[in-house]
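Structural features, examined
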Amino acid sequence: ATKKNIDTTIIAGCTTSGCIRASVIDSFSYGYRTIIAEECCGDQDIEAHNSNINDMRRRYADIMTVEELKAAWSEMRKALSINQITPVSYTHLRA
């Protein structure tokens, strides 16, 4: 999917078992590549958090650390500048 030239969403926030999971499923259902920023989400219960992260990793999303995301972003920016492509504006998917 490339609606408005967006093909990937990066999900972060609170309550992994609620809002994060809902946003991930929506993103996946709309056909976006979905990435969860691992250190940027959490839950009141660590077991619920871990269980949901593991399930979403198996079914809907890639899990990346902040360092992995920064490295990927840097590589993308380099590739864009080499090819003289201007990146589109970035937005978020609203669940």
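A brief look at the structure comes next. (Residues numbered from 1 in each chain as written. Predicted model: local features only at pLDDT ≥ 70, side-chain atom pairs only at ≥ 80, totals over all residues. Heavy atoms only, no water.)

Moving on, we come to the overall build of the chain. The number of helices and strands found in the chain is three helices and three strands. Sequence-ordered secondary structure for the chain, helices as α and strands as β, is β-α-β-α-β-α. Across the 95 residues that make up the chain, the buried fraction comes to 26%. A fraction of 72% describes how many contacts in the chain between residues 6 or more apart in sequence connect residues 24 or more apart. Taken as a whole, the chain presents about 6,600 Å² of accessible surface, with 51% of it coming from carbon and sulfur. (Helix = DSSP H or I, 4+ residues; strand = E, 2+ residues; numbered from the N terminus. Buried < 20%, exposed > 50% of the residue type's maximum accessible area, 1.4 Å probe, protein only. Contact = heavy atoms within 4.5 Å. Areas by Shrake-Rupley, 256 points an atom, 1.4 Å probe, with all protein chains shown as cover.)

All right, on to helix α1 (residues 16-29) then. For α1, every residue scored as buried is listed here: Thr-16, Ile-20, Arg-21, Ser-23, Val-24 and Ser-27. Of the surrounding secondary structure, the elements contacted by the buried residues of α1 are β1 (8-14), β2 (33-42) and α2 (46-59). Immediately downstream of α1, the backbone of Gly-31 shows phi near 90 degrees, a positive value.

When β1 meets β2, the two strands line up parallel, connected through six bridges. If you follow Thr-9 over to β2, its bridge partner there is Thr-34. (Pairing = 2+ DSSP bridges.)

To continue, consider the sheet that holds β1. Strands sit in the order β1-β2-β3 across an open sheet of three strands; the sheet is parallel. Single-partner strands in this sheet number two, and they are β1 and β3 (62-64). Between one strand axis and the next, the sheet turns through 30 degrees on average, direction left out of account. Packing against the sheet, α1 makes contact with β1 and β2, and its axis sits at approximately 170 degrees to β1. Strands in contact with α2 are β2 and β3; relative to β2, the strand with the most contacts, it is inclined by about 165 degrees. (Axes fitted to C-alpha atoms, helices over the stretch in contact; angles between N-to-C directions.)

Running from N to C, α1 and α2 point in directions that differ by 10 degrees, and their axes come no closer than 10 Å. As summarised for this structure, α1 and α2 are arranged roughly parallel, according to the angle between their axes. In this structure, α1 contributes Thr-16, Ser-17, Ile-20, Arg-21, Val-24 and Phe-28 to the contact, and α2 contributes Ala-48, His-49, Asn-52, Ile-53, Asp-55, Met-56 and Arg-59. Residue composition of the contact of α1 with α2, by class: six nonpolar, four polar and three charged. (Parallel < 35°, antiparallel > 145°, perpendicular 65-115°, else oblique. Nonpolar A, V, L, I, M, F, W, Y, C, P; charged D, E, K, R; others polar.)

A few words on the packing of aromatic side chains. Applying the stated criterion to the full structure yields one aromatic pair. With centroids separated by 5.3 Å and ring planes inclined at 70 degrees, the aromatic side chains of Phe-28 and Tyr-60 adopt a geometry described as edge-to-face. Taken together, the residues Phe-28 in helix α1 and Tyr-60 in the loop between α2 and β3 connect sequence positions 32 residues apart. The partly exposed category is assigned to Phe-28, whose relative accessible area is 41%. (Phe/Tyr/Trp six-rings, centres within 6.5 Å; stacked < 30°, edge-to-face > 60°.)

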